[in-house]
Amino acid sequence: MNTVNNRNISLLFSKFKKVKTPIIKNKSGKKFFSFNKRYEEFGDNLIADIIDFSGTIINRNIKLQIEFNIGEIRITDKLTYIIFECIIYHLLILGYPVQIKIIPESSIDTKGIENSPLKYLNLYHKQYEANFKKAKERFFKQFDLCQSGRYRRWVSAYDSMAVSRLGSDLISLLRNQGIEYSQDLILSLSSTVSEMVGNAQEHGESDCLIDIDITHNFSHNKREGKFGGFNVSILNFSNTYFGDKVKEKVVNNKIEKTPYIEVSKAYEIHKSFFCKSYYSEMFWIIASLQDKVSGRKNAFSNGGKGCTDLIKSVQKYSHLDYCYLMSGRETIHFKKEFLMIDSDGFIGFNKDGFLNSPPDDSIVGKSSVEFPGVAYNLNFILEESNEEN
């Protein structure tokens, strides 16, 4: 059974920076902490500031209500608001009353925020619960398990059958959307998500949070027909970053087996490419994404199907997609045009090859948020205008 301790959400605050946490007094004399900032978009800069603000309050250990006054804002992607949910969850677990004021502007890939457990604490939402005790209970219930309008589940790191059950759940979810998705697409989506949850658990050795919402009936301004979004966030909070285990295997243990020999050679070559925007941590994430490369101690020649292969299996059905991995501050984007297998059997995240060339500049990025462990944002736009999709 999942436990709070095994979720490791508290790691989000392990590297917070102390900031000012103003205490406001309302007309009735009630004191509360006020986060009152305006941003153009709900993205990593806002989340980083919320983590610093919340971490400072936790460090002060003054149990006053916390108000997040964010206002009207565009949501950048699904993973961003799921991280915000985790922050609020942790504050509630610690006993802080929380109120949110946000009017989110969503789209095909972020519409799921409308059914987020945040709604019970959001003064501007029609399902806001004024009774804080009831609001907290409803938030906790939906945060742990939700199958009404979205699929959410904590997958235990110690349940050997959890990933298999997840795959079956997703097949059922997709078959009950009122859309005639092809069997191949259903199997690709379900196997991709379930195997990537398994990969995240393997790296972090802790429970995984998976959240899925499926949107329908969106229009495209340049194409006829209707489109839907298959939107996934996978979060595994851990002290182990995504590339750590493969780095340990190659650099410290010096495994003399294929493909680890090639990865070691590539590392020596890539050192000459390292710079402010591309550096060692990014290399080891990309190395860990290769097919048959595994961080498991006793796996030397078969790391299983690579994450990139899984994503490519869905991309071929997608009209558009926006997928990336985040570990630490590093982000790696899965762009279709840079996921081709080179002549050596690797994916270089470029058009030249893995061993002798750095990834394309558009693939690598650095976030304002330090994410402990690994998280995925997977958004696939699917055409739904006829029964052939």
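Quick note: structure is the one above.
A brief look at the structure comes next. Numbering of residues begins from 1 in every chain and follows the order in which that chain's sequence is written. Note on the predicted model: pLDDT of at least 70 is required for a residue's local features to be given, and 80 or more for side-chain atom pairs to be given and counted; whole-chain, interface and lining totals, by contrast, use all residues. Side-chain measures here rest on the full set of heavy atoms in the structure, leaving out hydrogens and waters.

**A short note on the overall build of the protein chain**
Inference 1: Helices and strands together make up the secondary structure of the protein chain, namely nine helices and eleven strands.
Inference 2: Overall, the protein chain is about 70 × 50 × 40 Å in size when its C-alpha atoms are taken along their principal axes.
Inference 3: Sorting the 389 residues of the protein chain into buried and exposed places 53% on the buried side.
Inference 4: Within the structure as shown, the protein chain displays about 17,900 Å² of accessible surface, and the carbon and sulfur contribution to it stands at 47%.
Inference 5: Think of it this way: Lys and Arg go in the positive column, Asp and Glu in the negative one, and His and the chain ends go nowhere. The location of each charge is read from NZ of Lys, CZ of Arg, CG of Asp or CD of Glu. Once the 51 positive and 47 negative side-chain charges of the protein chain are each reduced to a mean point, those two points are 9 Å apart. Counting from the N terminus, the helices are DSSP H or I runs at least four residues long and the strands are E runs at least two residues long. Categorising residues by exposure relies on relative accessible area from a 1.4 Å probe, with only protein chains included: less than 20% of the type maximum marks a residue as buried, more than 50% marks it as exposed, and the intermediate range marks it as partly exposed. Surface exposure here means Shrake-Rupley accessible area, sampled with a 1.4 Å probe, where a residue is shielded only by the protein chains that are shown.

**A look at the packing of helix 7 (residues 260-270) against helix 8 (residues 280-288)**
Inference 1: The convention used is that axes are lines fitted to C-alpha atoms, helices contributing only their stretch in contact, and that angles between N-to-C directions extend from 0 to 180 degrees. Helix 8 packs onto helix 7 with a crossing angle of 155° between their chain directions and a minimal axis gap of 11 Å. In this view, helix 7 runs roughly antiparallel relative to helix 8, as classed from their interaxial angle. For helix 7 against helix 8, the interelement crossing comes out right-handed. Only Ser280, Phe283, Trp284 and Ala287 of helix 8 make contact with helix 7, whose side of the interface consists of Val263, Ala266, Tyr267 and His270.
Inference 2: Throughout this entry, Asp, Glu, Lys and Arg are counted as charged residues, while Ala, Val, Leu, Ile, Met, Phe, Trp, Tyr, Cys and Pro are counted as nonpolar. The remaining residues, Gly among them, count as polar. Across the contact of helix 7 with helix 8, the residue classes break down as six nonpolar, two polar and no charged. Note on angle classes: values under 35 degrees are labelled roughly parallel, values over 145 roughly antiparallel, values of 65 to 115 roughly perpendicular, and the remainder oblique. Handedness of a helix crossing follows the sense of rotation of the near helix relative to the far helix, less than a right angle counterclockwise being left-handed and clockwise being right-handed. A contact between two residues is defined here by any heavy atoms of the two lying within 4.5 Å.

**Some thoughts on helix 9 (residues 307-315)**
Inference 1: Taking burial as the measure, the nine residues of helix 9 include eight buried ones, the bulk of the element.
Inference 2: Inspection of helix 9 places Cys307, Thr308, Asp309, Leu310, Ile311, Ser313, Val314 and Gln315 among the buried residues, and these make up the whole buried set.

**What about the side chain of lysine 249?**
Inference 1: Within the secondary structure layout, lysine 249 lies in helix 6 (residues 244-252).
Inference 2: Look at lysine 249 and you get buried, because its relative accessible area is 3%.
Inference 3: Side-chain polar atoms of lysine 249 contact the side chain of tyrosine 260, separated by 3.4 Å. As used in this structure description, the phrase polar contact means that two N or O atoms lie within 3.5 Å; if the pair is within protein, one of them must be able to donate a hydrogen and the other to accept it, and residues adjacent in sequence are counted only when both atoms belong to side chains.

**A word on a nonpolar patch on the surface**
Inference 1: A contiguous nonpolar patch, built from Ile103, Leu123 and Tyr124 and spanning about 260 Å² of accessible area, is present on the exposed surface.
Inference 2: Its location among the elements puts tyrosine 124 in the loop between strand 5 (98-105) and helix 3 (132-144). Note that patches include only residues with greater than 30% relative accessible area and no salt bridge, and the join distances are 9 Å for like charges and 5 Å for nonpolar side chains (Val, Leu, Ile, Met, Phe, Trp, Tyr). By definition here, a salt bridge exists when the distance from a side-chain nitrogen of Lys or Arg to a carboxyl oxygen of Asp or Glu is within 4 Å.

**Section: the environment of leucine 121**
Inference 1: Relative to the elements of secondary structure, leucine 121 occurs in the loop between strand 5 and helix 3.
Inference 2: The class for leucine 121 is buried, based on a relative accessible area of 1%.
Inference 3: Sequence-wise, leucine 121 and phenylalanine 139 are 18 residues apart; in three dimensions their C-alpha atoms are separated by 8.0 Å.
Inference 4: Contacts of leucine 121, omitting those with residues within four sequence positions, involve Ile88, Leu92, Val98, Gln99, Ile100, Tyr128, Phe132, Ala135 and Phe139.

**Looking at the pairing of strand 10 (residues 320-333)**
Inference 1: Of all 14 residues in strand 10, ten are buried, a share of seventy percent or more.
Inference 2: Relative to strand 11 (residues 364-383), strand 10 is paired through eleven bridges, and the arrangement is antiparallel. Bridged to tyrosine 324 within strand 11 is asparagine 377. Any two strands are treated as partners once DSSP identifies two or more bridges connecting them.

**Topic: the environment of lysine 27**
Inference 1: Here lysine 27 lies in the loop between strand 1 (23-25) and strand 2 (31-36).
Inference 2: In this structure, the C-alpha to C-alpha distance between lysine 27 and lysine 247, residues 220 residues apart in sequence, is 57 Å.

**As for the packing of aromatic side chains**
Inference 1: Each aromatic pair joins two rings of Phe, Tyr and Trp (for Trp, the six-membered one) with centres within 6.5 Å, and gets the label stacked for planes under 30 degrees apart, edge-to-face for over 60, and tilted for any other angle. What the rule picks out here adds up to 20 aromatic pairs.
Inference 2: Taking 4.7 Å as the distance between ring centres and 45° as the angle between the ring planes, the aromatic pair formed by tyrosine 267 and tryptophan 284 counts as tilted. Taken together, the residues tyrosine 267 in helix 7 and tryptophan 284 in helix 8 connect sequence positions 17 residues apart. Accessibility assignment for this pair places tyrosine 267 and tryptophan 284 in one class, buried.
Inference 3: When the centroid spacing of 5.8 Å and the interplanar angle of 15° are considered together, the rings of phenylalanine 283 and phenylalanine 354 count as stacked. Of this pair, phenylalanine 283 sits in helix 8 while phenylalanine 354 sits in the loop between strand 10 and strand 11; the two residues are 71 residues apart in sequence, bridging distant segments of the chain.
Inference 4: Here phenylalanine 283 falls in the buried class, since its relative accessible area comes to 0%.
Inference 5: Between the NZ or CZ atom of lysine 63 and the centre of the ring of tyrosine 96, over which it lies, the distance is 5.2 Å.
Inference 6: Ring-over charges, as used throughout, are those where CZ of Arg or NZ of Lys falls within 6 Å of the ring centre and within 35 degrees of the ring normal. Lying over the aromatic face of phenylalanine 143, arginine 152 brings its terminal NZ or CZ to 4.9 Å of the ring centre.

**As for the nonpolar core**
Soluble globular proteins tend to bury their nonpolar side chains together.
Inference 1: Only buried residues count toward a nonpolar core, which is a set of Ala, Val, Leu, Ile, Met, Phe, Trp, Tyr and Cys residues joined through side-chain atoms within 4.5 Å. Residues Phe230, Ile234 and Tyr376 are the most contacted members of the largest nonpolar core, which totals 61 residues.
Inference 2: With seven residues, the single largest contributor to this core is helix 5 (residues 183-204).
Inference 3: With sequence-adjacent residues up to four places away left out, isoleucine 234 is seen in contact with Val193, Met196, Val197, Ala200, Cys208, Leu209, Ile210, Val374, Ala375, Tyr376 and Leu378.
Inference 4: Core analysis: the second largest hydrophobic core is formed by 50 residues, Ile50, Ile75, Ile82 and Met326 among them.

**What about the pattern of salt bridges?**
It is possible for side chains bearing opposite charge to pair when their charged atoms get close.
Inference 1: As enumerated under the stated definition, the model contains 16 salt bridges in all.
Inference 2: Between glutamate 129 and arginine 138 there is a salt bridge, with its nearest N and O atoms 3.1 Å apart.
Inference 3: Under the relative-accessibility criterion, glutamate 129 is labelled buried at 16%.
Inference 4: In this structure, the salt-bridge partner of glutamate 370 is arginine 329, at a minimum N-O distance of 3.5 Å. Placement of glutamate 370 in strand 11 and of arginine 329 in strand 10 is noted, with a sequence separation of 41 residues between them.
Inference 5: Owing to a relative accessible area of 26%, arginine 329 belongs among the partly exposed residues under this scheme.
Inference 6: One salt-bridge network, held together by shared partners, links Lys78, Glu85, Arg152, Asp211 and Asp213.

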